[in-house]
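# Close look at the chain arrangement
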Amino acid sequence: MKSGPSNDPGWMQSWLIHSIDIGLVFAVAYMVLVIIGERRTLWMVRGFIILMLATAISNWANLRLLSIALNSLVTGSAVAMAVMLQSEFRQFLEQLGRGEVLQLFGRGRKAIPEPDSVIDQIVEAVKELSQNRTGALIIIETGSPIDERDFSVPGVKLNAEVSKELLQTLFQPKTLLHDGAVLIRASRIAAAGVILPLSERMASRQLGTRHRAAMGITERVAKCLCVVVSEETGSISLAEKGVLNRPLTSSKLKELLEARSFPSGDERKATPISIGSLKRQIGSKGWALISRVFRLRSSASREKK
Ligand SMILES: Nc1ncnc2c1ncn2[C@@H]1O[C@H](COP(=O)(O)OP(=O)(O)OP(=O)(O)O)[C@@H](O)[C@H]1O
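Predicted model only: the values in this text are computed from it and were never measured. (Residues numbered from 1 in each chain as written. Predicted model: local features only at pLDDT ≥ 70, side-chain atom pairs only at ≥ 80, totals over all residues. Heavy atoms only, no water.)

## Here's the deal with the site of the ligand
Neighbouring residues of the ligand: 17 residues in total, closest Asp 179, Gly 180, Leu 196, Thr 209 and Glu 231. Between the ligand and the protein, one listed contact pairs an oxygen atom with a backbone N or O atom of Gly 180 at 3.0 Å. Between an oxygen atom of the ligand and a main-chain N or O atom of Glu 231, the distance comes to 2.4 Å. When the free accessible area of the ligand is taken as 620 Å², the share hidden by the protein chains comes to 78%. In terms of residue class, the shell around the ligand is made up of seven nonpolar, six polar and four charged. (Near = heavy atom within 4 Å. Polar contact = N/O pair within 3.5 Å; in protein donor to acceptor, adjacent residues only side chain to side chain. Areas by Shrake-Rupley, 256 points an atom, 1.4 Å probe, with all protein chains shown as cover. Nonpolar A, V, L, I, M, F, W, Y, C, P; charged D, E, K, R; others polar.)

Given below as structure tokens:
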């Protein structure tokens, strides 16, 4: 009597172990993606996961040279990532060591404040800076990240939560970072002391380089806005596509920012959605892989017989 692969307990056991193994790898990958939660880092981790999958597939398919090359690439990427994300790794290992597993999942979610509250913080800060005649320049990205080459000097990276106190502090004349612009990216203060390209156009004789810088960057990069507070007059302006809208009251600024500045709801929810879709993709691809393995094994055992 013929015995199919499903009747072979050894085969079943190895299939089960492989399935559990693959399932656990996907679970760990998903966990890492949820913990990280930061979009830029996510792409890097996804790239790394794809490399690992490619290595596993090339191993499984017995493509020895390719698997050696991919293995070296995975090792190199792991070392590079450990260097680039050393503080995150240290924090992750410390929390894991302290058994704070639940906090690991909470951290990514609380890091991104609501864009509405970010607008409030910016407007509040601008209002006070204007009242105190403290000059300020704030670039707000409304689309994909601005290429650093579009800045004359990219400034000092901060990656801090937006708060009116921090924004006001950054523009105090006696502080090191007050010269230049503050960059707001994905609801966070990404950098300060950013020097922008100047516009060739002259808006008005009363306006100096701060305003020309706001016009310059918004001329060059369509998907950004620039808020300017004049040191001389305290007036508030909003630059968009090279045009200055001024003078504005703080409530008008709020209205304009709410209407156009921040990425839409879809964009804001991009991280959880992409994790969800990644989960679905991982699920469907994993299932396709498992069923392919199953089909290949059963046809191989049929051929043997
Ligand atoms: N290209 C630039 N990029 C970023 N910040 C700039 C740039 N040029 C000037 N600034 C900022 O603007 C500040 C004031 O420059 P300046 O007095 O020429 O501008 P302004 O438009 O006359 O200012 P205000 O209207 O506020 O009096 C500088 O100290 C610097 O912080």
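## A few points about the confidence of the model for the protein
Considering every residue of the protein, the mean pLDDT works out to 80; 74% of them sit at 70 or more. Segment residues 264-275: pLDDT under 50, and twelve contacts once partners within four positions in sequence are set aside and those in other chains are kept. Two numbers describe this predicted complex: its pTM, 0.57, and its ipTM, 0.91. (pLDDT = per-residue confidence, 0-100. Contact = heavy atoms within 4.5 Å.)

## Examining the pattern of salt bridges
Under the criterion given, the structure shown has nine salt bridges. With a shortest N-O distance of 3.9 Å, Asp 150 and Arg 220 are connected by a salt bridge. You can see Asp 150 sitting in the loop between strand S1 (136-141) and strand S2 (156-161) and its partner Arg 220 sitting in helix H8 (residues 209-220), a full 70 residues away along the chain. Look at Arg 220 and you get partly exposed, because its relative accessible area is 48%. (Salt bridge = Lys/Arg side-chain N within 4 Å of Asp/Glu carboxyl O. Helix = DSSP H or I, 4+ residues; strand = E, 2+ residues; numbered from the N terminus. Buried < 20%, exposed > 50% of the residue type's maximum accessible area, 1.4 Å probe, protein only.)

## Observations concerning the environment of Gly 135
Looking at the secondary structure, you find Gly 135 in the loop between helix H6 (115-131) and S1. Residue class for Gly 135 comes out buried when judged on its relative accessible area of 6%. The spatial distance from the C-alpha of Gly 135 to the C-alpha of Glu 232 is 7.6 Å, given a sequence separation of 97 residues. Non-local contacts of Gly 135, meaning those with residues more than four positions away in its chain, are made with Phe 171, Arg 210, Val 229, Ser 230 and Glu 231.

## Thoughts on the pairing of strand S4 (residues 188-194)
The side chains of a regular strand alternate, residue by residue, between the two faces of the sheet. With seven of seven residues buried, S4 lies mostly within the body of the structure. Bridge count between S2 and S4: four bridges; the pairing is antiparallel. Its bridge partner lying in S4, Glu 161 is registered against Arg 188. With four bridges joining them, strand S3 (residues 181-185) and S4 adopt antiparallel strand pairing. Within S4, the position partnered with Leu 183 by the bridge is Ala 191. Following S3, the chain reverses through two residues before pairing antiparallel with S4; Ala 186 in that reversal takes a positive phi of roughly 50 degrees. (Pairing = 2+ DSSP bridges.)

## Observations concerning unusual backbone geometry
In this structure, Pro 247 follows Arg 246 across a cis peptide bond, with omega equal to -15 degrees. A positive phi angle is found at Asn 62, which is not glycine, with a value near 60 degrees. Examined against the element boundaries, Asn 62 turns out to sit in the loop between helix H2 (39-60) and helix H3 (64-84). The backbone of Asn 159 shows a phi angle near 50 degrees, a positive value even though the residue is not glycine. Considering the arrangement of structural elements, one finds Asn 159 in strand S2. A relative accessible area of 42% places Asn 159 in the partly exposed class.

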